[in-house]
Structure formats: structure tokens, C-alpha cells
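Letter by letter, the chains look like this.
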Amino acid sequence: SRRADALRKRSHDDQNTGLIAEMLHTELGNLEETFSAERHEQILAAHALLTHAKHIYVVGLRSLFPAAYYFSYVCGMFLNNTTLLSGIGGSFADELRRIGPDGALVAFSYPPYAQDALRAVQFSRERGAQVVAITDSPVSPIAAPSDVLVVVRNSTPSLFPSVVPALAVSQTLAGLLVANSNEDSLREIANSEAQLKSFQVYIDKA
């Protein structure tokens with residue numbers, strides 16, 4: 001509510017263009033820091049961990065659900081070993097039931113940190129699974145239990161912390177997995193395309 005009040009107290013009219021410019025400037029800074037040279041090692045370590053996981057579970061709750069959903073959706077095009085923890089029908093705990101030492105959890109979490117995201121991380125570690133934490137700080141609650149920590153900057157003048165850097169990391173990890181995939185993955189992508197076409201999911205090009 002304090003952030004919303006600060007936004008409302010800004011003068012309007014020409015100041016709206018100022019807010020747009022500030023949003024752009026801030027997001028560019030977020031991405032530059034998130035993908036700075038020293039962070040490459042974190043992202044590559046996350047990719048290496050996921051490459052060797054037998055099954056990948058993904059969690060991102062509330063405003064970070066889009067980042068988790070994107071990663072799971074793209075991986076589902078060429079992998080058959082990803083599970084998105086959506087919690088549909090109150091089934092959040094059920095979806096993590098089979099995680100074990102050969103599995104990995106990708107967890108997105110920003111302040112205010114969702115309780116269930118932390119529980120998912122803790123449960124995964126108890127089961128011997130590895131954890132990739134994508135979060136805003138080395139002292140985030142999900143940072144210490146993780147095997148690989150990817151720190152993203154999430155500054156914004158808007159209401160919630162920016163989801164853009166988390167989504168960018170999600171896209172990057174998915175892209176790395178595709179780029180380093182084998183022929184089986186290419187066949188899976190072709191099969192996914194054929195299935196979508198048979199359901200006429202998208203409008204045909206004129």
C-alpha cells in the first residue's frame with residue numbers, strides 16, 4: 001500500500017511519461033546486473049544441474065508464477081520430465097510427492113516470500129533433491145538451502161518487485177537447455193508442433 005500511495009502522489013500529465021522512462025531505465029539496469037559477467041557462472045551452473053536431473057519440478061508463486069509457467073511450458077515442448085507446481089485444487093503438496101535424489105527443483109521467490117515456495121525448497125532438500133534458487137538476495141530464505149543460487153535484481157518504481165529479470169532468467173535457462181539438447185529433443189519439438197497444428201491452436205498464416 002505504501003508503494004501504491006507513492007505512485008499516486010506523483011504528479012500526473014507530463015509526469016506519466018517520466019514514469020514510463022523511469023520504468024525503462026530501471027528494467028535495463030535490472031537486466032544489466034542480472035546478466036553481468038559475474039552472474040554468468042551462476043546461470044551456467046543452474047543449467048548444468050538441470051541437465052543432469054532426471055525430473056525437474058518448478059515453483060513460482062503469485063507474481064512469479066509467469067516465470068515458473070514459462071520455463072515449464074517451454075521445457076514441455078521438448079522434455080517429458082518437467083512438473084509445474086500449480087497448486088490447482090489445493091494439490092500443491094501432492095505435486096511434489098515423488099521428488100527424490102535424482103530430481104531438481106527450480107524455485108522463483110521474491111519478497112514478500114511465499115511460505116509454500118520455502119516449504120517446497122525445504123521438502124526437496126529433505127528428499128535429497130537439488131535446488132536452483134532464483135531470488136533477489138543471497139540472504140533470501142530460499143538461498144541458503146539451494147545448491148545453485150541465481151541472484152536477480154528486481155528494482156522498480158511500480159507496485160510489485162519487477163518480474164522481468166526472473167522471466168529473463170527463465171527464458172535463458174530454457175534456451176540453454178534447447179541449445180544443448182540432442183536429436184530426441186528435436187523430434188519432441190516437431191511432435192509438439194504437429195500436435196498443436198492438429199488441434200488448430202494457432203491461426204494459420206494468410
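Residues numbered from 1 in each chain as written. Predicted model: local features only at pLDDT ≥ 70, side-chain atom pairs only at ≥ 80, totals over all residues. Heavy atoms only, no water.

A closer look at the pattern of salt bridges
Stage number 1. All told, the structure shown has six salt bridges when counted by the stated rule.
Stage number 2. One salt bridge connects D102 with K54, and the closest N-O pair in it is separated by 4.0 Å. Pair noted here: D102 is in the loop between α5 (92-95) and β3 (103-109) and K54 is in the loop between α3 (37-51) and β1 (55-60), with a separation of 48 residues, a long-range link.
Stage number 3. D102 gets classed as partly exposed once you look at its relative accessible area, which sits at 41%.
Stage number 4. Judged by its relative accessible area of 60%, K54 is exposed.
Stage number 5. Three or more residues are tied together by salt bridges with common partners; here these are E33, R39 and R153. (Salt bridge = Lys/Arg side-chain N within 4 Å of Asp/Glu carboxyl O. Helix = DSSP H or I, 4+ residues; strand = E, 2+ residues; numbered from the N terminus. Buried < 20%, exposed > 50% of the residue type's maximum accessible area, 1.4 Å probe, protein only.)

Notes on a nonpolar patch on the surface
Stage number 1. A contiguous nonpolar patch, built from Y69, Y73, F199, V201 and Y202 and spanning about 570 Å² of accessible area, is present on the exposed surface.
Stage number 2. Among the structural elements, F199 can be located in the segment after α8 (183-198).
Stage number 3. Taking the relative accessible area as the measure of exposure, F199 reaches 60% and is therefore exposed. (Patch = residues over 30% accessible without salt bridge, like charges linked within 9 Å, V, L, I, M, F, W, Y side chains within 5 Å. Areas by Shrake-Rupley, 256 points an atom, 1.4 Å probe, with all protein chains shown as cover.)

Considering the environment of A129
Stage number 1. Examined against the element boundaries, A129 turns out to sit in the loop between α6 (115-126) and β4 (130-135).
Stage number 2. With relative accessibility at 2%, the residue A129 sits in the buried group.
Stage number 3. Each C-alpha atom of the pair A129 and V164 lies 27 Å from the other, and the pair is 35 residues apart in sequence.
Stage number 4. Here A129 is in contact with I99, G100, P101, G103, A104, S124 and D147, once residues within four sequence places are set aside. (Contact = heavy atoms within 4.5 Å.)

Topic: the nonpolar core
Stage number 1. The biggest cluster of nonpolar side chains holds 29 residues, and the ones touching the most others in it are L50, F71, V106, F108 and I134.
Stage number 2. Secondary-structure elements contributing two or more residues to this core are α3, β1, α4 (65-75), β3, β4, β5 (148-151) and α7 (164-179).
Stage number 3. When near neighbours in sequence (up to four residues on either side) are disregarded, F71 contacts L50, I56, V58, V106, S170, L173, A174 and L177.
Stage number 4. Membership of the second largest hydrophobic core comes to 17 residues, among which are F92, L96, I99 and A120. (Core = buried A, V, L, I, M, F, W, Y, C linked by side-chain atoms within 4.5 Å.)

A word on the environment of V106
Stage number 1. With respect to the secondary-structure elements, V106 resides in strand β3.
Stage number 2. With a relative accessible area of 0%, V106 lands in the buried category.
Stage number 3. Residues V106 and Y57 lie 49 residues apart in sequence; the distance between their C-alpha atoms is 6.2 Å.
Stage number 4. Apart from residues no more than four positions distant in its own chain, V106 is found in contact with L50, I56, Y57, V58, V59, F71, V132 and I134.

Quick notes on the packing of α3 against α7
Stage number 1. Where α3 contacts α7, the two axes come as close as 10 Å, and the packing angle between them is 55°. The pairing of α3 with α7 is recorded here as oblique in orientation. α3 and α7 meet at a crossing whose hand is right-handed. Residue-level inspection shows I43, A46, H47, L50 and T51 of α3 in contact with α7, the latter providing T172, L173, L176 and L177.
Stage number 2. Class assignment for the residues of the contact of α3 with α7 results in six nonpolar, three polar and no charged. (Axes fitted to C-alpha atoms, helices over the stretch in contact; angles between N-to-C directions. Parallel < 35°, antiparallel > 145°, perpendicular 65-115°, else oblique. Left-handed = near helix turned anticlockwise from the far one by under 90°. Nonpolar A, V, L, I, M, F, W, Y, C, P; charged D, E, K, R; others polar.)

Let's talk about unusual backbone geometry
Stage number 1. Cis peptide bonds are those with omega within 30 degrees of zero, and the linkage from P111 to P112 qualifies with -5°.
Stage number 2. Along the chain, P112 falls in the loop between β3 and α6.
Stage number 3. The backbone of R62 shows a phi angle near 55°, a positive value even though the residue is not glycine.
Stage number 4. The residue R62 is located in the loop between β1 and α4 in this model.
Stage number 5. Phi at Q200 is positive, roughly 50°, even though this residue is not glycine.

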